[in-house]
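This is what each chain is made of:
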Amino acid sequence: MISRRTPIAVAVAVALAALTPSAALAAPPQDKNGVEAASNGDEIALAVGETRTISARDVRNFSEGSSGIIEIKLTSDNSQFVISGKKPGSTTMLLIKNDGSQVSFAVHVFARSPAVVEKELAQLLDGIAGVRVRRVGARIVMDGVVGSDAEQKRVQHVASLYPNQVESLVTLAGGGGAPTGGSKSIIRIDFYFVQYDKNSSYGVGLAWPGSVGGDAVVRSQVAFDFVAGSRAATASITNQPLPRLDIASRKGWAKVLKQATVVTNSGVEANFANGGEQNFTVNTGLTIGVQRIAFGTDVTVLPRYDAQKREVEMKLVADVSDLTSAASGTTLPGRTTSKLTTNITLKLGQSIVLSGIRSQSQTHAVSGLPLLSDIPVLGLLFGSHANLELETEGAVFVVPSVVETVPSAAAEMVETALAKFADYDGKIREVNAYDKRPGAVPQVTP
């Protein structure tokens, strides 16, 4: 207890010292004028060794709740209180002003600066969804629900790095800490990959040879059959200065629709892969190897369902690839890829476009005799003009739903699928192996 100025102030301070910490804390804040360094309203957060100042204007005396946690001093001009953190814990500070009003502060002392610790926790917990960090008194608490045992162990290890300051209340989904109904809910997520392609090209004009003459201008071949006594001879002239006429034109379009459906429990990671590998022989020195080029759809999703809010939180990683025609000079095909990594939260019944792509390219090439092929109009007689245009547009849609009831028995569903398989005669549009509408109830054919 520290007092100042008058003997009356000493007597009042002695009386205040008899108050318990809870009594000092219960004093209602009536006047906050002059407080220069308070945070979170009536709370002050300090680290051990850190200091904070509070205005002492119009303050008659003060009292500290639990001693030893903070140290309170007055500046030489008696205008400010200097509060220093001594050890981790919580206490109160009561100020009584000249007009009899009281102001109470809750002071929390941390082992390290809470702002710095919260920033470090955000970095250490990056990539783990469903974990919140908040202050509770003189401690920082991490709570929430994670989807795997590895994530829970990681959170516990992070908490152990800050003893007596950070605590973990994070639970594992399905272990009693998931939202109501979340650990028992079955989540269905439909992915639609839609792509449209359009191409057109033309080549018009005279294509002249790049060179005339050279080695083997005249090629001849003579053959004699000793049994039949017949002879045959052929001769050809190559590298002739004769042009060809380019009048080709082509155009076309293509559309691609890929649908992937993943069903899993809330809080459990699921993976769906569909595609294949194309094998090619590759000569490397004196050995012959096999080059594998993979293609298809690979989706990894971790959903968490909140039954009270009817929201689905998803961590999604998608990789869609397809083979393209081989480039000039090689027999190996190329591969187009679309990759996506994101965290989203959707209400049931909502859908979202996770990514979209739109590209348009045009290539124009002129080949022919130098200078003459560049003459407008007449240049078509001395050269060939080629033009290629490509347009592509695509998007990835995601629709989550919750499987709440299944009206048909599993045996009936299997029998229906096998019956459709037995009746299949090549008309794939008439086959409905499963209901492709998101959230729809599976139908069973009698």
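So, here is what we can say about the structure in this document. (Residues numbered from 1 in each chain as written. Predicted model: local features only at pLDDT ≥ 70, side-chain atom pairs only at ≥ 80, totals over all residues. Heavy atoms only, no water.)

## Digging into the overall build of the chain
For clarity, the cut-off: Strands here are runs of E lasting at least two residues and helices are runs of H or I lasting at least four, both read from the DSSP assignment and numbered beginning at the N terminus. A simple rule labels every residue: compare its accessible area, found with a 1.4 Å probe on the protein chains alone, to the largest value its type can have, and call it buried under 20%, exposed over 50%, or partly exposed in between. Here, residues are in contact when the closest pair of their heavy atoms is within 4.5 Å. Shrake-Rupley sampling with a 1.4 Å probe provides the accessible areas, and residues are treated as covered by the protein chains on show and by no other component.
Per the secondary structure count, the chain includes five helices and 21 strands. Looking at the 446 residues of the chain, the share that counts as buried comes to 29%. Considering only contacts in the chain between residues 6 or more positions apart, those separated by 24 or more positions represent 65%. For the chain, the accessible surface area stands at approximately 27300 Å², while carbon and sulfur atoms represent 55% of it.

## Concerning the pattern of salt bridges
In plain terms, the rule: Only one rule defines a salt bridge in this text: a Lys or Arg side-chain nitrogen within 4 Å of an Asp or Glu carboxyl oxygen.
Under the defined criterion, the tally for this structure stands at 12 salt bridges. Notably, a salt bridge pairs K86 with E71, separated by 3.7 Å at the nearest N-O pair. One end of the pair, K86, is in the loop between β5 (80-85) and β6 (89-97); the other, E71, is in strand β4 (residues 70-74), with 15 residues separating them in the sequence. With its nearest N and O atoms 2.9 Å apart, the salt bridge here joins E118 to R135. In this pair, E118 is assigned in helix α3 (residues 114-124) and R135 in strand β8 (residues 131-136), connecting sequence segments 17 residues apart. Judged by its relative accessible area of 27%, E118 falls in the partly exposed class. For R135, a relative accessible area of 33% translates into the label partly exposed.

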